[in-house]
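# Report on the structure
Each chain is listed here by its residues.
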Amino acid sequence: MDGAAVNTLRLADLTPGSSAIVTAIGGASRIASRLMEMGFVPGAVVQVLRRAPFGGPVQYRVHGVSISMRSAEASCVSVESGLAANPANTKSVSALELVAQ
Amino acid sequence: MRVALIGNPNTGKSTLFNALSGMRVRTGNYPGVTVEQRIAKVNWDGHAVELIDLPGTYSLSPKSPDEMVAVQVLTGCCDEPRPDLVICICNAAALERNLYLATQVMEVGLPLVLCLNMWDSAVSSGVSLDVAGLSKKLGVPVVPTSASRKEGLTELRKAVVQELEAGAGAVSLHSDSFGHSLLSEPIRHEVDRLCGWLNTSGVPLEKRSGFLVSRSLLDPGGSVESMLVRDAGSGYSVMLVEARQALKDKQLEIPAAEAEQRYHFIGELLSAIQSRTVNSRAKLTDRIDAVLTHRFFGFLICLAVLLLVFSTINWFSAPLSEAVEGGLGLLSSMVSSSMSPGPLRSLLTEGVISGVGSVIVFLPQICLLFLFIGLLEDCGYMARAAFMMDRLMGVLGLSGRSFLPLMSSFACAVPGIMATRVIDDRRDRFVTILIAPLMSCSARLPVYVLMIGTFIPETRYLGGWLSLQAMVLFAMSTLGLVIAVPVAMLLRRTLFRGEPSPFLLELPDYRMPSLRVVIGRVWESAQSFVVRAGTLIFATSVLVWAAGSFPGDHRERFELTAKIESLESADAELNAEEIEVLSTELNQVNGQLLRNSALGRVGRTIEPIFVPLGWDWRIGVGVLASFPAREVIIATLGTIYSLGGDVGEEDEGLRGTLKAATWPDGSSVFSVPVALSIMVFFALCAQCVSTLMVIKRETNSWLWPAFSFGYMTILAWVGAFLTYQIGIRM
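Keep in mind that this is a model prediction, so the values were computed, not measured.

## A short note on the overall build of chain B
Of the regular secondary structure elements, chain B holds 32 helices and eleven strands. Principal-axis analysis of the C-alpha atoms places the extent of chain B at approximately 100 × 55 × 50 Å. Residue burial in chain B is summarised as follows: out of 730 residues, 52% are buried. Considering only intrachain contacts with a sequence separation of at least 6, the fraction spanning at least 24 residues in chain B is 73%.

## Digging into the overall build of chain A
Within chain A one finds four helices and six strands. Secondary structure of chain A in N-to-C order comes out as α-β-β-α-β-β-β-α-β-α. Taking all contacts inside chain A whose residues are at least 6 apart in sequence as the whole, residues at least 24 apart take part in 61%.

## Points about the nonpolar core
Soluble globular proteins tend to pack their nonpolar side chains together in the buried interior. In terms of nonpolar packing, the biggest core is built from 224 residues, with A:Phe40, A:Val46, B:Val86, B:Cys88 and B:Met679 touching the most fellow members. A per-element tally of this core places helix α30 (residues 672–684) of chain B first, with ten residues. Not counting chain neighbours up to four residues away, the residues in contact with A:Phe40 comprise A:Val22, A:Ile25, A:Leu35, A:Val46, A:Val62 and A:Val77.

## Comments concerning the interface of chain B and chain A
Between chain B and chain A, the residue contacts involve 44 residues of the former and 39 residues of the latter. For the side of chain B that touches chain A, the secondary structure elements donating two or more residues are α3 (95–105), α11 (256–273), α12 (280–292), α13 (297–338), α16 (381–395) and β11 (504–506) of chain B. The leading source of residues in the side of chain B that touches chain A is α11(B), at seven residues. Grouping the amino acids of the side of chain B that touches chain A by side-chain chemistry returns 21 nonpolar, nine polar and 14 charged. Across three bridges, strand β5 (residues 65–69) of chain A lies against β11(B) in antiparallel orientation. Residue pairing in the sheet places A:Ser68 in a bridge with B:Leu505 of β11(B).

## A few points about the sheet that holds β5(A)
Taken in spatial order, the seven strands make up an open sheet running β1(A)-β6(A)-β2(A)-β3(A)-β4(A)-β5(A)-β11(B), and their pairing is antiparallel. Among the strands making up the open sheet, the edge pair consists of β1 (9–10) of chain A together with β11 of chain B.

## Brief notes about the sheet that holds strand β3 (residues 47–53) of chain B
Residues and elements named next belong to chain B. Strand order in the open sheet formed by six strands is β2-β3-β1-β4-β5-β7, with mixed pairing between adjacent strands. Strands with a single pairing partner mark the edges of an open sheet, and in this sheet they are β2 (38–44) and β7 (142–144). The mean angle between the axes of side-by-side strands here comes to 25°, regardless of whether they run parallel or antiparallel. Bridge count between strand β1 (residues 2–7) and β3: four bridges; the pairing is parallel. Along β3, the bridge assignment pairs Val3 with Leu51. Contacting β1, β2, β3, β4 (85–91) and β5 (112–117), helix α1 (residues 13–21) runs over the sheet at an angle of about 160° to β3.

## Structural notes on the confidence of the model for chain A
Predicted coordinates in areas of low pLDDT are best not read in detail. Residues and elements named next belong to chain A. Across chain A, pLDDT averages 77, with 73% of residues at or above 70. Confidence scores differ between elements of chain A, with helix α4 (residues 90–100) showing the lowest mean pLDDT of 43 and strand β4 (residues 58–62) the highest of 93. Scored below 50 in pLDDT, residues 84–101 shows 32 contacts in the model against residues more than four places distant or in partner chains.

## Description of unusual backbone geometry
Leave glycine aside and you will find that most residues have negative phi; peptide bonds, for their part, are mostly trans. All names here are of chain B. A cis geometry characterises the amide bond from Ile254 onward to Pro255, with omega recorded as 10°. Structurally, the position occupied by Pro255 is in the loop between α10 (234–249) and α11. The backbone of Lys150 shows a phi angle near 60°, a positive value even though the residue is not glycine.

## Section: the environment of B:Ser346
All names here are of chain B. Within the element layout of this structure, Ser346 appears in helix α14 (residues 343–360). Residue Ser346 is classed as partly exposed on the basis of its C-beta count, with 19 C-beta atoms lying within 10 Å. Note: C-alpha distance between Ser346 and Pro437 (91 residues apart in sequence) is 36 Å.

## Considerations on the packing of helix α9 (residues 223–232) of chain B against α10(B)
Residues and elements named next belong to chain B. At a closest axis distance of 6 Å, the pairing of α9 and α10 adopts a crossing angle of 130°. On the basis of their axis angle, the class for α9 and α10 is oblique. Two secondary-structure elements touch here, α9 through Glu225, Leu228, Val229 and Ala232 and α10 through Ser234, Gly235, Tyr236, Ser237 and Leu240. In the contact of α9 with α10, the residues fall into five nonpolar, three polar and one charged.

## Re the environment of B:Arg149
Take B:Arg149: it is sitting in the loop between β7 and α6 (153–166). On a C-alpha basis, the gap between B:Arg149 and B:Ala546 in space is 52 Å, while along the polypeptide they are 397 residues apart.

## Some details on the pairing of β2(B)
Residues and elements named next belong to chain B. Judged from the seven bridges that link them, β2 and β3 form a sheet pairing that is antiparallel. Each residue of the ladder has a partner; that of Ala40, found in β3, is Leu51. What sits between β2 and β3 in their antiparallel hairpin is a turn of two residues, with Asp45 showing a positive phi close to 50°.

## Description of the pairing of β1(B)
Residue and element names in this part refer to chain B. In terms of residue burial, β1 counts as a mostly covered element, since five of its six residues are buried. Across five bridges, β1 lies against β4 in parallel orientation. When the bridges of β4 are listed, Ala4 appears paired with Val86.

## Regarding the confidence of the model for chain B
Residue and element names in this part refer to chain B. Within chain B, residue pLDDT values average 82, and 91% of them lie at 70 or more. For chain B, helix α28 (residues 632–643) is the element with the lowest average pLDDT, namely 69, and β7 is the one with the highest, namely 96. Here residues 26–35 is a poorly scored stretch, pLDDT under 50, and it has 48 contacts once near neighbours within four places are set aside; other chains count. Counted against residues more than four places away or in other chains, residues 644–651, with its pLDDT under 50, gives 22 contacts. Interface predicted TM-score (ipTM) for the complex: 0.80; the corresponding pTM is 0.75.

## Focus: the environment of B:Ser148
Residue and element names in this part refer to chain B. One can find Ser148 in the loop between β7 and α6. Overall, the presence of 24 C-beta atoms within 10 Å leaves Ser148 in the buried class. Spatially, the C-alpha atom of Ser148 lies 9.5 Å from that of Pro513, the residues being 365 residues apart in sequence.

Quick notes on the rules
- Numbering of residues starts from 1 in every chain and runs along the sequence as written.
- Note on labels: chains are lettered from A, ligands numbered from 1, in written order.
- In view of the model being predicted, local features appear only for residues whose pLDDT reaches at least 70, and side-chain atom pairs are presented and counted only at 80 or more, with totals across whole chains, interfaces and linings using the full set of residues.
- Runs of H or I in DSSP of at least four residues are treated as helices and runs of E of at least two as strands, each being numbered from the N terminus.
- With C-beta atoms placed from the backbone, the exposure class of a residue follows from how many other C-beta atoms lie within 10 Å of its own: 20 or more, buried; 12 or fewer, exposed; in between, partly exposed.
- Any two residues are considered in contact once their C-beta atoms, placed from the backbone, lie within 7 Å.
- What we call a nonpolar core is a set of buried Ala, Val, Leu, Ile, Met, Phe, Trp, Tyr and Cys residues whose membership is set by joining through C-beta atoms within 7 Å.
- For this classification, Asp, Glu, Lys and Arg are treated as charged, while Ala, Val, Leu, Ile, Met, Phe, Trp, Tyr, Cys and Pro are nonpolar and the rest, including Gly, are polar.
- The pairing criterion for strands is at least two bridges between them, as found by DSSP.
- What counts as an axis is a line fitted to C-alpha atoms, over the stretch in contact for a helix, and the angles between N-to-C directions run from 0 to 180 degrees.
- As a per-residue quantity, pLDDT reports the predictor's confidence and falls between 0 and 100.
- An angle below 35 degrees is read as roughly parallel, one above 145 as roughly antiparallel, one from 65 to 115 as roughly perpendicular, and any other as oblique.

Printed below as a string of structure tokens:
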């Protein structure tokens with residue numbers, strides 16, 4: 001991990017019940033493009049729902065769709081925590097409404 | 001006219017396809033259940049339309065052979081003509097994500113009709129959308145439908161016909177609308193440059209459309225890139241790297257740029273025309289998931305669901321099977337009383353009725369199993385099971401994605417192995433294919449039910465709630481799964497070594513399963529089972545009857561039978577003594593005939609192989625005869641033992657016959673250890689030609705079916721050996 005990555009929060013670091021906004025997608029292009037086409041694009045709001053038994057994958061909700069992945073995949077998603085979204089970002093706002101409910 | 005249906009998984013695509021075509025197709029909630037391309041011929045307003053159901057996909061960036069099918073069909077890269085129109089199906093309740101694929105399909109260059117399916121549940125979950133506005137902004141007809149309620153289908157058909165009439169003949173092989181792509185100018189410019197380079201490369205015209213070239217550029221390492229590099233040479237590979245670098249210099253990183261631009265476009269599009277109030281369905285789903293996918297309780301519930309499925313099959317099927325059995329017994333005695341003893345009567349009662357009949361007895365179990373699998377799939381639970389089982393599948397070196405193929409293999413390994421096409425990792429896929437035949441398929445169920453019903457005592461525990469029979473059935477049904485664990489671990493560490501593959505799985509919102517769809521699926525599987533029973537199993541029954549009857553002189557047997565029957569019809573009580581003498585004689589004659597028949601000779605020659613398993617040569621012959629299809633064993637045992645003349649006087653049907661079977665020294669052939677050893681053998685053996693053929697097709701090699709057959713046969717023998725040897729010492 002390079003120096004910049006130290007301060008970066010990953011989707012895999014979040015605990016169930018929290019939510020965050022995607023800032024960037026990294027990792028191998030195969031995983032990255034699959035993540036992005038499933039809706040994990042910068043600006044999207046992700047809600048962390050719950051973890052599977054035995055430390056298995058985690059269930060997330062993004063763009064109103066529930067998607068599960070392992071921590072290996074979730075580590076490719078950089079996020080910024082909390083609900084302090086940029087109000088100019090319409091996508092975040094519409095998705096935030098979802099989270100708020 | 002050819003019309004292709006494309007859409008994300010979990011959009012009700014298969015249900016819509018069914019509703020449009022009237023043809024029954026397997027549908028479900030699990031991503032990728034439609035792995036086969038399905039075609040239906042329909043007539044819409046005088047147009048002969050060929051409907052093509054494409055595999056469910058999230059994008060046109062194929063990473064697995066399954067997803068590549070969609071791209072090949074849409075671009076005409078395969079041997080078939082290009083479709084004249086595409087219907088893109090979206091889940092109206094999750095339009096943001098679903099429109100991603102739609103914006104890619106718009107670039108293919110075919111007339112498009114956008115179908116917003118599951119409209120009813122989207123509306124009830126608080127989505128309101130300006131359909132006309134969406135249609136205007138995208139420039140394509142948009143039709144809301146609710147396929148499971150058959151709503152909106154007329155409008156959809158009308159829109160398709162209208163488009164076909166308007167654009168008839170306009171589509172050529174290279175018609176291409178990538179020029180109108182929503183992607184930014186620098187990307188389109190690079191695509192143009194690449195197209196120009198390919199024009200001189202000798203690559204066939206249909207493979208260098210702007211659309212395909214854009215896919216090769218935007219999806220590094222994807223199947224389209226491989227295809228074009230294969231055709232155009234490695235020079236194209238260099239061109240692609242350069243083009244991506246040029247874009248990166250303009251702050252457009254591939255593949256991120258595509259996703260960002262598309263989602264940005266969709267976000268702006270929808271913000272103007274869509275409003276959501278409360279997503280009640282998502283909320284409800286989350287509330288159900290809080291219980292059903294709970295870290296601890298969720299797992300217990302999953303196990304309980306599986307146990308309940310097997311218990312219920314056991315409870316309900318017993319009385320149903322007995323009724324069928326009784327009916328068959330009646331039929332058999334009707335034939336017997338209306339014909340005099342002879343080869344034809346022997347063929348009818350001992351070959352045909354006892355053969356095919358004893359398979360139909362198990363129809364109730366098969367229907368129930370498919371009913372449960374259908375319900376679990378359709379309501380959305382199957383994907384949850386994969387989510388919860390991912391960690392456990394990880395122990396095998398596999399992902400939760402292998403769970404559905406393996407679960408389906410509990411019904412039948414053939415669709416299970418075909419469903420492995422959704423596993424994009426080659427090693428995962430091969431390991432899954434190789435262990436799938438170990439899962440307890442429905443064809444094994446008859447063997448278990450017969451053996452358990454006949455030899456396992458009806459002991460009950462926990463106040464009658466848990467029966468020993470159900471527990472043995474559960475144990476047998478999970479044995480293959482348990483054995484699959486070390487097999488998969490071994491394969492993953494030897495032949496298929498490598499890093500675990502990524503795991504990204506959609507968990508669709510829960511919905512009421514459509515009973516119509518599920519019943520349709522049950523009907524389809526029951527039908528195909530009966531057809532198999534009527535052809536393959538029938539043929540085997542008659543062959544086994546012939547092999548067990550000839551060569552041999554049956555005159556004495558028929559004379560004895562006729563004598564007994566005339567005495568019985570005169571006065572059975574008065575002639576009881578004489579009948580008994582004749583019956584003993586008949587049994588001896590029958591036994592002698594079977595011993596000296598073709599079947600008996602083969603069986604006795606190889607008997608030493610089966611003795612350590614506790615089997616007599618007749619079981620051995622039955623097992624040999626059932627290598628083409630394991631369900632044949634029931635028919636074969638029925639035929640062999642009724643030919644053998646061991647029919648008990650009090651009991652009717654095959655169960656009685658088996659209980660009465662004896663070794664030459666008079667001791668019973670069947671005991672609990674023998675029954676268990678037979679079941680274990682069947683649990684582990686690859687007795688199914690269809691499965692081996694599908695493995696050949698899916699792996700494109702004879703090596704893997706041979707490997708499966710070899711390792712499973714050895715495993716089965718060792719398993720049965722251990723079971724019997726341990727069993728008789730307990």
